[in-house]
Amino acid sequence: MPVYRAPLQDYSFLMNELFEIDKQKDLPQFGELSGELVDDVLTNAAKFCEEVLHPLNQSGDEEGCHYENGVVRTPTGFKEAYKAYAAGGWSGLSAPESFGGSGLPSFVTMTVAEMSQSANQAFAMYPGLSMAAYSALMGTGASWMKEHIVPRMVSGEWTGTMCLTEPGCGTDLRLMKTRAVEQDDGTYKMTGTKIFISGGEHDLADNIIHMVIAKIPDENGQIHDDLSTVNFFMVPKYIVKEDGTVGMRNGVACGGIEKKMGIKGNATAVLNFDDAVAWRLGPKPQAPKLGEKRSSSEGMKGMFGMMNAARLGVGVQGISVAEVALQNGIAYALERRVGHALTGPKEPDKPADLEIVHPDVRRMLLHCRSFVEGARAVAMWTTLNMAIANSNRPERDTAGMLADLLTPVIKAFFTDMGFEAANMAMQCYGGHGYIRDNGVEQFVRDGRINQTYEGANGVQAMDLVGRKLGRKGGAAPMAYFGLVNGWLEDNGKDEKLGAYVKPVKRGLDTLQQATMWMAQNGLANPNNAGAGAVDYLRMMGIVTVGWMWARMAKLANEKLATSPANKAFYESKLVSAKYWMERMIPECPMLFERIQAGADTVMAFDPMVG
Ligand SMILES: Cc1cc2nc3c(=O)[nH]c(=O)nc-3n(C[C@H](O)[C@H](O)[C@H](O)COP(=O)(O)OP(=O)(O)OC[C@H]3O[C@@H](n4cnc5c(N)ncnc54)[C@H](O)[C@@H]3O)c2cc1C
């Protein structure tokens, strides 16, 4: 049976010592936060994840979801766990108190999301998507929706979904076919099919509020192959009237659920919309004047906001899966006896030493540890930047740009590394890792989807290189380089930090050169940007995590010098930091070399030959 223990000590280190939560009181939602409140939330969340969600992870995977005649049954125990989750107030942790939530900042709720996803990703996705859906409805919904629907989602009585993908389109949403036609009463009738909808149908809650994108036909009844007529809608499974009463079943039905590689406890549904009553969100789109190009609707901004938040959430899933896989890899390596230490037997009275004596096993586990803790710091720093972006601080614009710049990096680099880490932890089990009963192969299967949904990782890389680098004359990368360079200069004279500052500086310089290369060669030939985007994103991920490790190493040195308490914890931070500098930063020149190879060879590849 796999194990999971919430990493509470690390959360406390990051919140209290690295990011100094008590100095952030001026930020929105931080004012009322006390150390005791945060401790209480995290301790209770840890208990729930360890004792309720994690024990259902393996059984949920074995049993999966069941579909029959439009009805979906989740695995045994999920329903009760969901009731307990909602009763515990976990569904509304980040929602404002005016909607019945706890009003906690994502700086804190990110850790709860991480824990629940480590414990049981398939389960955590039901409330996770609900949160994305009600957040969008809070921003774009009509007042009656905010009064009667949002609070029921916040309480967990109802859940929500995000419906974008169709059989003919996932990445390229211009191609969607689902259409919504306006009715005399201002509502719309929606027709079409959405596929791969996480939590699209289930038995956990009485109603499901679908957040759907669809096209409104133009005055000639045509839909266009662009985003101009795409709008954002709310489609409840059971119709909700404006006074909050729940009416008939709506014209949206589950046509089946997918049999899939992982997250089997989460129902991935086909949803058929057949004249379903839909409410458009955001102001009514204006018909373009003669000769004018159609522009994206206001409601779509709500959808993009929902997708951005979901991208960060998926990035955190990469950390979650790596954390739980690492814990199990360590447990196994401390128990399994195999071979002897290269320097001679550690336990000569035993037939073999513990697996952990082998440098390669230690390398794999340290790779996971160094990623998990470094990435967690980056994710938490990004939530802090998001809070600063909504504050009155003078640096708010820069903070917003940094969060925006790093969103695709967090989504793609963290999920690539999360999968890599889960695979390495599985390797520590030898052949036993491949055997289902041992539970570790599930992490590899579950963690794989994180690289694909919410925008495939290659598409995230194009978002970074094609959109975010160049926006506003390159303001975001310039702010990023200025910030990291400034910190490195301020700390460059500290001899104790040389082992961290110098490698990060080398990585950052290489990243700057790669950025220049992209600006020159990507503009000249967009295929050059496309062929190097994944390597570029990885380099930015490595440098950003490296910088965070340098910051943590500085703090660990200070703690070790001033207070010997938790010595092992701070020493372990220095080891993980060094690993990143010695084993990950050296990838930067290699990645740059690959970027500079440009697109010629990949474009010369002829898939029809051979
Ligand atoms: C288990 C699961 C759960 C999901 N949950 C949801 C959900 O809740 N709601 C929802 O709406 N969708 C959901 N999805 C759908 C998911 O988001 C899409 O599958 C994903 O965005 C990719 O779209 P696609 O499958 O159509 O692939 P395509 O768009 O056909 O792309 C195929 C591949 O081509 C490459 N590619 C495509 N375009 C580009 C480009 N511009 N640049 C570089 N490479 C490119 C990428 O490698 C990509 O993986 C889910 C999918 C799965 C499997």
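Residues numbered from 1 in each chain as written. Predicted model: local features only at pLDDT ≥ 70, side-chain atom pairs only at ≥ 80, totals over all residues. Heavy atoms only, no water.

Participant: Break down the side chain of E166 for me, citing the residues and quoting the values.
Facilitator: Relative to the helices and strands, E166 is located in the loop between strand 3 (159-163) and strand 4 (179-182). A polar contact is formed between the side chain of E166 and the side chain of K194, at a distance of 2.9 Å. Ignoring any residue separated from it by four or fewer positions in sequence, one finds E166 in contact with M176, K177, T178, T193, K194 and I195. (Helix = DSSP H or I, 4+ residues; strand = E, 2+ residues; numbered from the N terminus. Polar contact = N/O pair within 3.5 Å; in protein donor to acceptor, adjacent residues only side chain to side chain. Contact = heavy atoms within 4.5 Å.)

Participant: Quick rundown of the site of the ligand? Include the residues and the values.
Facilitator: For the ligand, the set of nearby residues contains 20 residues, the closest of which are M162, T165, T171, F196 and S198. Here an oxygen atom of the ligand sits 2.8 Å away from a polar atom, N or O, in the main chain of L164. Relative to its unbound accessible area of 970 Å², the ligand is 62% covered by the protein chains. At the level of elements, strand 3 and strand 5 (188-198) are the ones that each hand at least two residues to the shell around the ligand. In terms of residue count, strand 5 provides more of the shell around the ligand than any other element does, three residues in total. (Near = heavy atom within 4 Å. Areas by Shrake-Rupley, 256 points an atom, 1.4 Å probe, with all protein chains shown as cover.)

Participant: Tell me about helix 10 (residues 396-427), and please be specific about residues and values.
Facilitator: Given 3.6 residues per helical turn, the α-helix brings residues three or four places apart onto the same face. Taking 1.5 Å per residue, 32 residues should reach 46 Å; helix 10 reaches 44 Å between its end C-alpha atoms and fits that length. Maximum bend of helix 10: about 35°, positioned at L406, with proline P408 one to four residues after it. (Expected span 1.5 Å × (residues − 1). Bend = angle between axes of the 7 residues up to and from the residue.)

Participant: Can you break down a negative patch on the surface residue by residue, with the values?
Facilitator: A cluster of acidic residues, D184, D185, E242 and D243, forms a negative patch at the surface. Within the fold, E242 resides in the loop between strand 8 (238-240) and strand 9 (246-249). When its relative accessible area of 53% is taken as the criterion, E242 is described as exposed. (Patch = residues over 30% accessible without salt bridge, like charges linked within 9 Å, V, L, I, M, F, W, Y side chains within 5 Å. Salt bridge = Lys/Arg side-chain N within 4 Å of Asp/Glu carboxyl O. Lys, Arg positive; Asp, Glu negative; His and termini not counted. Charge placed at Lys NZ, Arg CZ, Asp CG, Glu CD. Buried < 20%, exposed > 50% of the residue type's maximum accessible area, 1.4 Å probe, protein only.)

Participant: Please provide a residue-by-residue account of the packing of aromatic side chains, values included.
Facilitator: Counted by the stated rule, this structure contains 18 aromatic pairs. Taken together, a centroid distance of 5.6 Å and an interplanar angle of 70° make the contact between F78 and F123 edge-to-face. Taken together, the residues F78 in helix 4 (residues 78-87) and F123 in helix 5 (residues 106-140) connect sequence positions 45 residues apart. Side by side, F78 and F123 carry an identical accessibility label, which is buried. Pairing F371 with F414 gives two aromatic rings, centres 5.9 Å apart and planes at 75°, and the pair type is edge-to-face. On the criterion of sequence distance, the pair formed by F371 in helix 9 (residues 359-389) and F414 in helix 10 is long-range, its members being 43 residues apart. One exposure class covers both F371 and F414, and it is buried. Here a set of aromatic residues connected by ring pairs shows up, and it is made of F48, F78, Y82, Y85 and F123. Geometry around W547 places R551 over its ring, the cationic atom sitting 5.1 Å from the centre. (Phe/Tyr/Trp six-rings, centres within 6.5 Å; stacked < 30°, edge-to-face > 60°. Lys NZ or Arg CZ within 6 Å of the ring centre and 35° of its normal.)

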